[in-house]
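The residues making up each chain are set out below.
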Amino acid sequence: MKRWSNRELKKYIDRYAHEFGEALAIRVYTSQLLGQDPDLVLHGGGNTSVKASFVTLMGESIPAVFVKGSGWDMATTGPDGFVPLDLNALEKLRKLDQLEDTAMFDQLRLAMLHPFPFNPSIEALAHAWIGKAYVDHTHANAILTLTNQENGEDIVKEALGDDVIIRPYIHPGFYLSKDLADALDTSPNIRGIVLMHHGLFTFDDDPRVSYETHLELVARARQYIDKKASRSFFTVEFEKAPDSAITRVAPIVRGALAERAKDPNRPFRPVILQILRDEETLRMIGHPDSRRILEGSVLTADFLIRTKPWMAWIESPELNDMETLSRQIEETVLDFAERYRIYYDQGVQRTGRDFPMFNPRPRILVIPGLGVFCSGTTLKEATITADLSRVTLKVKRDIVAMGATYRGIDEDKLFEMEYWGPQLAKLAKITNALLAGRIAVITGAAGAIGSAICKRLLEEGCVVVGTDLAGERLSALEADLTGRFGENFWALPMDVTDETSVRKAFEAINLRYGGVDILISNAGIAFVKPLDELEIEDFQRVQRVNVEGALLFLKWGIKVLKAQGTGGDVVHISTKNVPSPGASFGAYSATKAAAHQLARVASLELAPFGIRVNNLAPDAVFKGEGRKSGLWEVCGPERMKARGLDEQGLEEYYKNRNLLKIQVRADHVANGVVFFVTRQTPTTGATLPIDGGLPDATPR
Ligand code: ZN
């Protein structure tokens, strides 16, 4: 836990107070302190506020409450993450008896003193109605450990004493806010409020007091847990499964968890996996009683859209028999989906809410001995699911270790919380990108065409693994793309001519994301010599990259696609040289033709598995993404010499030889990739020329 530091605080005041006022500068400081502590706040959970004057353009001063914006992360938020709301307008709302969520958000938006495009937190009214300047709210793990057990209220009282009041679980919004405000009216000298199955509020006119009270109450809860916990339960001995077991199982799990859709062009919506398999997790899931204790009911409402009401669990996995284990995975997932459908149908009947059903397959699959397979529709979502799963398991473990019984939110309330307007709005924002949840692997990523393809796929929402030989070019690409796209890009050294290297790369990808959906075979080299001067060693060197490299990449990639059973897309970057070879280009043209043919064979073999394979045939690409094409570094000088042109002249030459008089660029090739992998047309085994129109490149 981070301690208050006047020196640190001064930095915030120096930075923000001039523009935003001192109160908000301090608010930013303590919000970040709370947000950076994973025991207190995870992924946007929790919120804070401060009451201060808002000064309008006309110089008028209005009493306001600045509430953290919905979706802003407390760990990183600045002053612009706080929504100023007209305090008087919000105070009037307390007189109402009823205010449903949609109407409440309308009122909150009307009270906004600055037209931010996002809403204030769902708990804004509670912040407004708690009559202290600073209000701090988190869903601290230690508090949830106390509230989520049988006789939780007594436990909280025993642990935290008479300093706090305890309120039952009420769904966040108007009614919860009113309940808190009413409770405070009757106990004005209280230091904090504990909400069952939800979290903790502290407040004071002094920001330091509110913050330190928060830490103190959480620390008291933690001490109480530690004192009671014997921790004897989860001391099972276990053997950690080797990486090789996970790399085989992950694609099977990933395939089973993918959403099934009705669109024949896109019958699957894949998920990204994050696998928890540290020793602590394996210990927690390894006991014969673990499932009974850990599987059910979420800790708190905002976990639901990420974790679903329950985890799926394979009780006695056959870890040494892959076929049986595959069947167990499939059956467990289908059983879960059936249970979820019943839960959904009953919920719709009970509430009349007709929101479309989420993917009924689990978000979390537990396989004792292997790990906890957590999934999400994007890498970020999968990471959040994994973090929430870890917390859920730990809290439940601690409860058992205390000799107590876990008690979550009542099951019949879960549906209302999962299918709930504001929650769905949050989900809708996450992503609608066509390639969300898809993982692409590309060879020759550090080159001009390769890097352009990486960038386009990242823009479309893909997770992209860019492979190339280890070295400066790959490092430069990594620095460039991770700077722009963060964790969604991974630069992975791989040598396509070395089968072990290719196999290991796919294993590493399975371990890191669960599998792959899109294979882009792009690595290629050129060599310029007329046939009568071509040494066999030089030809073989080109062949190893262009043909064997393409084959090895497809071979190991296809195995992953088949294990998932959710189709896939393969694009091979061929060349206009296949239909229209160039003199002195024998090694290149012949080897590219062989690889082109391999891709066409792949389209025949893979169609029954829903995998589409297509070729792109670009004409000369000189550069892209600020990188010179490696191919052209080899053959450009010779071509210039042969035609008596300089670099500029050669580019002009290639431009003028096509019908459209257009220079072919790397991003054109990347657009061709996106066309195929987003499945705009039902096409496989085809070749798309990207050459500005070359009559001599048509087959004859
Ligand atoms: Zn809350």
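Residues numbered from 1 in each chain as written. Predicted model: local features only at pLDDT ≥ 70, side-chain atom pairs only at ≥ 80, totals over all residues. Heavy atoms only, no water.

## A look at the overall build of the protein chain
- Within the protein chain, the secondary structure is distributed over 25 helices and 22 strands.
- The buried share among the 700 residues of the protein chain stands at 56%.
- Split by element, the accessible area of the protein chain, about 29700 Å² in all, is 51% carbon and sulfur.
- Of note, the protein chain has its 83 positive side-chain charges centred 3 Å away from the centre of its 92 negative side-chain charges. (Helix = DSSP H or I, 4+ residues; strand = E, 2+ residues; numbered from the N terminus. Buried < 20%, exposed > 50% of the residue type's maximum accessible area, 1.4 Å probe, protein only. Areas by Shrake-Rupley, 256 points an atom, 1.4 Å probe, with all protein chains shown as cover. Lys, Arg positive; Asp, Glu negative; His and termini not counted. Charge placed at Lys NZ, Arg CZ, Asp CG, Glu CD.)

## A look at helix H14 (residues 322-351)
- The end-to-end C-alpha distance of H14, which contains 30 residues, comes to 43 Å, matching closely the 44 Å that a straight helix rising 1.5 Å per residue would cover.
- With its phi angle positive at about 75°, Gly352 sits one or two positions after the end of H14. (Expected span 1.5 Å × (residues − 1).)

## Quick notes on unusual backbone geometry
- One non-glycine residue with positive phi stands out, namely Lys308, at about 65°.
- Here Lys308 lies in the loop between helix H13 (304-307) and strand E11 (312-313).
- The exposure class assigned to Lys308 is buried, which follows from its relative accessible area of 5%.
- Despite not being glycine, Arg679 shows a phi value in the positive range, around 55°.
- Here Arg679 lies in the loop between helix H25 (666-677) and strand E22 (687-690).
- A residue is classified by how much of its surface remains accessible, and Arg679, at 9% relative accessible area, is buried.

## So, the coordination of the zinc ion
- Coordination of the zinc ion by the protein comes from Glu123 (OE), His137 (NE2), His139 (NE2) and His198 (NE2), over a distance range of 2.1 to 2.4 Å.
- For the zinc ion, the four donor atoms in the first shell make angles of 82 to 162° at the metal, a pattern classed as irregular.
- Overall, the relative accessible area of 3% leaves His198 in the buried class. (Donors = N, O, S within 2.8 Å, 3.2 Å for Na, K, Ca; no water. Tetrahedral: all angles 85-135°; square planar, octahedral: opposite > 155°, others 65-115°.)

## Some details on the pattern of salt bridges
- With the rule as written, the count across this model stands at 40 salt bridges.
- Among the salt bridges present, the one from Glu459 reaches Arg456, with a minimum N-O distance of 3.4 Å. Of this pair, Glu459 and Arg456 both sit in helix H18 (residues 448-459), three residues apart, which is roughly one turn of that helix.
- Note on Glu459: relative accessible area 42%, which makes it partly exposed.
- In this structure, Arg456 and Glu460 form a salt bridge, with 3.0 Å as the shortest nitrogen-oxygen distance. (Salt bridge = Lys/Arg side-chain N within 4 Å of Asp/Glu carboxyl O.)

## What about the sheet that holds E22?
- Spatially, the seven strands line up as an open sheet ordered E16-E15-E14-E17-E18-E19-E22, and their pairing is parallel. The open sheet terminates on both sides in strands that have one partner only, identified here as strand E16 (489-493) and E22. Strand after strand, the sheet turns through a mean of 20° between neighbouring axes, direction not considered.
- The pairing of strand E19 (residues 611-618) with E22 spans four bridges and is classified as parallel. Its bridge partner being in E22, Leu616 is matched across the sheet by Leu688. (Pairing = 2+ DSSP bridges. Axes fitted to C-alpha atoms, helices over the stretch in contact; angles between N-to-C directions.)

## Quick notes on the sheet that holds strand E13 (residues 371-376)
- Read across the open sheet, the four strands follow the order E10-E13-E12-E11; overall the sheet is mixed. Strand pairing shows two members of the sheet lacking a second neighbour, strand E10 (272-276) and E11, which therefore form its edges.
- As paired strands, E11 and strand E12 (residues 364-367) are joined by two bridges and run parallel to one another. Across the sheet, the residue bridging to Ala312 is Leu365, located in E12.

## Focus: the packing of aromatic side chains
- Tallied over the entire structure, the rule returns 24 aromatic pairs.
- On the basis of an interplanar angle of 75° and a centroid distance of 5.9 Å, the ring pair of Tyr343 and Phe415 is categorised as edge-to-face. Taken together, the residues Tyr343 in helix H14 and Phe415 in helix H16 (residues 411-418) connect sequence positions 72 residues apart.
- In this structure Tyr343 comes out as buried when scored by relative accessible area, which is 10%.
- In this structure Phe415 comes out as buried when scored by relative accessible area, which is 1%.
- Linked through ring pairs, Trp310, Phe336, Tyr340, Tyr343, Tyr344, Phe358, Phe415 and Tyr419 together constitute an aromatic cluster.
- Of note, Lys308 hangs over the ring of Tyr340, and the distance from its end group to the ring centre comes to 4.9 Å. (Phe/Tyr/Trp six-rings, centres within 6.5 Å; stacked < 30°, edge-to-face > 60°. Lys NZ or Arg CZ within 6 Å of the ring centre and 35° of its normal.)

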